[in-house]
Amino acid sequence: MSKDENIWQDVFHAFRCEGDVESISQYGSGHINDTFLVVTKGGNNPNYTFRCVNTNVFKNIDGLMQNIAYVTEHIQHKILNDDAYQAAQGMELIRTVDDKHYYKDKLGHIWTCYTFVPGQTHEHYHNLKLPEQAGQAFGQFICMLQDLDPNKLCESIPSFHDINLRLSQWEEAKIQADTKTIAECQAWIDFVESRLEAMQRLPAMKASAELPVRITHNDTKCNNVLFNDHDEAVCVIDLDTVMPGVIAYDFGDAIRTATTSHAEDEKDINKVKFNREAFDLFTKNYIKQIRAFATDDELLSLSNTVTYISFLLGLRFLIDHVAGDVYFKTKYRGHNLIRARNQFRFVEILEENQAWIDQVVRQYSQITEKVI
Ligand code: GN1
Ligand code: MG
């Protein structure tokens, strides 16, 4: 999506935005949607974040936006009425002039708009205060949504974190791929097959209702927290994948970036590392936020399924590589394979640290006896 003047005149004025456009710039580093910061003239009006939604990925736009509307309104209500959340900030969705949550431009692109929340995002956490704050912010996000019925939300991407869907996509991608592509991925194909049984644990716990379905964020990457200049978390952003899920999804997804300092597409595999101190601080604050309502099984699932999302994302990157880079944005051929390889290496590192991770989660959950 370009910064095409004609389109922007329509898009900006389609929403109930105040003021006039001074500048438009690409914002953030998402792999799916295009996000823009629109600065308004004069400084008296708010600035805005516009998002052009990838409709190949988000096919149910009404459902997606309904989810976001429920969640943002609920969080705003909490912040205004509950002293515990006084310091928090929420995203505010701007409606169109005809009272809709999104606008379709003349080229068929779908646009959404939020009031811009000032702050910085970090592609890596370069000090320990950041993971500590992120644990608090992501934990509080789940906590604020506890009293909102998950049945009110739809699965904006059906079976998004379901390994069985990914495995059927994987089988399909392998059938379509040429022999050269399969040969270059063989080590990772073997890796996937060696972990398949272990990775059924979380879906089995979910299916047996051992893990309650709650409203989860489902994209708890380190750059989805906004921080102020003092490295304090200000707001959880990027609500596109907010939908019913289990807490272990969010925890595992956060761990893969909050406890590492390499880029997701780091070319040197030796730089893939796990920072125990960052894990400890993130986990301490995350659990502090959810402990009052989370069950023991749920708390224990944070550690005993901690590899699940990294494995799943590695598989999703691998599928996309084998399928010819059709889903995630890429900069070169092989980009998705590098990303996949780094996730799988991180899974191995988490496995090596599993006993220690279990102990940290039990300590902060105050669970000493084996429950399951
Ligand atoms: C995608 O676009 P972004 O960066 O917010 C993806 C997530 C992945 C992430 C990996 C809808 O998120 O699931 O974890 O890339 N979002 C979707 O960086 O597939
Ligand atoms: Mg996202």
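Structure: see above.
For clarity, every value in this text was computed on a predicted model and none was experimentally measured. (Residues numbered from 1 in each chain as written. Chains lettered and ligands numbered in written order. Predicted model: local features only at pLDDT ≥ 70, side-chain atom pairs only at ≥ 80, totals over all residues. Heavy atoms only, no water.)

Once that is clear, we can look at the layout of surface pockets. The space that makes up the second largest pocket amounts to roughly 470 Å³. In terms of lining, the second largest pocket is formed by 20 residues, of which the most central are Asn56, Val57, Arg166, Gln169 and Tyr327. Every element with two or more residues in the lining of the second largest pocket is listed here: helix H4 (163-176) and helix H11 (308-322). For the lining of the second largest pocket, the class distribution of residues is 9 nonpolar, 6 polar and 5 charged. (1 Å grid on protein atoms, 1.4 Å probe; cavity = no way out; pocket = protein on both sides within 12 Å on 5 of 7 lines; lining within 4 Å. Points joined across faces, edges and corners; volume = space filled by probe spheres on them. Helix = DSSP H or I, 4+ residues; strand = E, 2+ residues; numbered from the N terminus. Nonpolar A, V, L, I, M, F, W, Y, C, P; charged D, E, K, R; others polar.)

For helix H3 (residues 129-144), built from 16 residues, the straight-helix expectation of 22 Å at 1.5 Å per residue is met to within 8% by its first-to-last C-alpha distance of 22 Å. Of all 16 residues that make up H3, 13 are buried, and the element is covered over most of its length. (Expected span 1.5 Å × (residues − 1). Buried < 20%, exposed > 50% of the residue type's maximum accessible area, 1.4 Å probe, protein only.)

Another point: the side chain of Asp320. Structurally, Asp320 is set in helix H11. Summary of buried charges: Asp320 has no salt-bridge partner, and the nearest side chain of opposite charge, Arg339, is 5.9 Å away. Not counting chain neighbours up to four residues away, the residues in contact with Asp320 comprise Asp325, Val326, Tyr327, Phe328 and Asn336. (Lys, Arg positive; Asp, Glu negative; His and termini not counted. Salt bridge = Lys/Arg side-chain N within 4 Å of Asp/Glu carboxyl O. Contact = heavy atoms within 4.5 Å.)

The next thing to look at is the environment of Ala84. Residue placement: Ala84 occurs in the loop between helix H2 (61-81) and strand S4 (103-104). Classification of Ala84 as exposed rests on a relative accessible area of 57%. Considered as a pair, Ala84 and Gln140 are 56 residues apart in the sequence and their alpha carbons are 10.0 Å apart.

Before going further, it helps to examine the site of ligand 1. In the region of ligand 1, 16 residues are neighbours, and His31, Lys221, Glu264, Arg316 and Tyr327 sit closest. Contacts to ligand 1 include Lys221, whose side-chain N or O atom sits 2.6 Å from an oxygen atom. Here the residues of the shell around ligand 1 sort into 7 nonpolar, 3 polar and 6 charged. (Near = heavy atom within 4 Å. Polar contact = N/O pair within 3.5 Å; in protein donor to acceptor, adjacent residues only side chain to side chain.)

Our next topic: the sheet that holds strand S5 (residues 110-115). Judged by pairing direction, the sheet is antiparallel, and its 5 strands sit side by side in the order S1-S2-S3-S5-S4 without closing on themselves. The open sheet has two edge strands, strand S1 (21-26) and S4, and neither has a second partner. Relative to S5, S4 is paired through 2 bridges, and the arrangement is antiparallel. Looking across to S5, one finds that Lys104 is bridged to Ile110. (Pairing = 2+ DSSP bridges.)

The next point concerns the coordination of the magnesium ion (ligand 2). Asp219 (OD) and Asp238 (OD) make up the full set of protein donors to the magnesium ion (ligand 2), lying at 2.0 to 2.1 Å. Residue Asp219 is found in the loop between strand S6 (214-216) and strand S7 (225-227), and its partner Asp238 is found in the loop between strand S8 (233-236) and strand S9 (243-245); the two are separated by 19 residues along the sequence. For Asp219, a relative accessible area of 18% corresponds to the buried category. When its relative accessible area of 15% is taken as the criterion, Asp238 is described as buried. (Donors = N, O, S within 2.8 Å, 3.2 Å for Na, K, Ca; no water.)

Here we come to the side chain of Lys221. Mapping Lys221 onto the fold places it in the loop between S6 and S7. Glu264 is the oppositely charged side chain nearest to the buried, salt-bridge-free Lys221, at an N-O distance of 4.5 Å.

Attention shifts here to the packing of aromatic side chains. In this structure the tally under the stated criterion is 25 aromatic pairs. Where Trp8 meets Trp111, the ring centres are 5.0 Å apart and the plane angle is 65°; that geometry is what we call edge-to-face. Taken together, the residues Trp8 in helix H1 (residues 5-14) and Trp111 in strand S5 connect sequence positions 103 residues apart. You'll find Trp8 and Trp111 in the same group, each marked buried. Arranged with centres 5.6 Å apart and planes meeting at 15°, the rings of Phe282 and Tyr286 form a pair that is stacked. Separated by 4 residues within a single helix, Phe282 and Tyr286 lie in helix H9 (residues 276-290), roughly one turn from each other. Residue Phe282 shares its accessibility class with Tyr286, and that shared class is buried. (Phe/Tyr/Trp six-rings, centres within 6.5 Å; stacked < 30°, edge-to-face > 60°.)

As enumerated under the stated definition, the model contains 19 salt bridges in all. For the salt bridge of Glu171 with Lys174, the shortest nitrogen-to-oxygen distance reads 3.6 Å. Of the two residues, Glu171 and Lys174 are both situated in helix H4; the distance of 3 residues between them amounts to about one turn of the helix. Here Glu171 falls in the partly exposed class, since its relative accessible area comes to 40%. Taking the shortest distance from any N to any O, the salt bridge between Glu264 and Arg256 comes out at 3.0 Å. Relative accessible area serves as the criterion here: at 5%, Arg256 is assigned to the buried category. Through salt bridges with shared partners, one network takes in Arg16, Glu73, Arg95 and Asp99.

How two helices sit against one another is set out by the angle between their axes and by the gap between those axes. Relative to each other, H11 and helix H12 (residues 335-352) sit at 160°, their axes nearing to 8 Å. Our classification of the angle between H11 and H12 gives roughly antiparallel. The two elements H11 and H12 meet at a crossing, and its hand is left-handed. Judged by residue contacts, Ser310, Phe311, Leu313, Gly314, Leu315, Phe317, Leu318, Asp320 and His321 of H11 engage Asn336, Leu337, Arg339, Ala340, Gln343, Phe344, Phe346, Val347 and Leu350 from H12. Classifying every residue of the contact of H11 with H12 by side-chain character gives 11 nonpolar, 5 polar and 2 charged. (Axes fitted to C-alpha atoms, helices over the stretch in contact; angles between N-to-C directions. Parallel < 35°, antiparallel > 145°, perpendicular 65-115°, else oblique. Left-handed = near helix turned anticlockwise from the far one by under 90°.)

What is shown is where atoms sit, not what they do.
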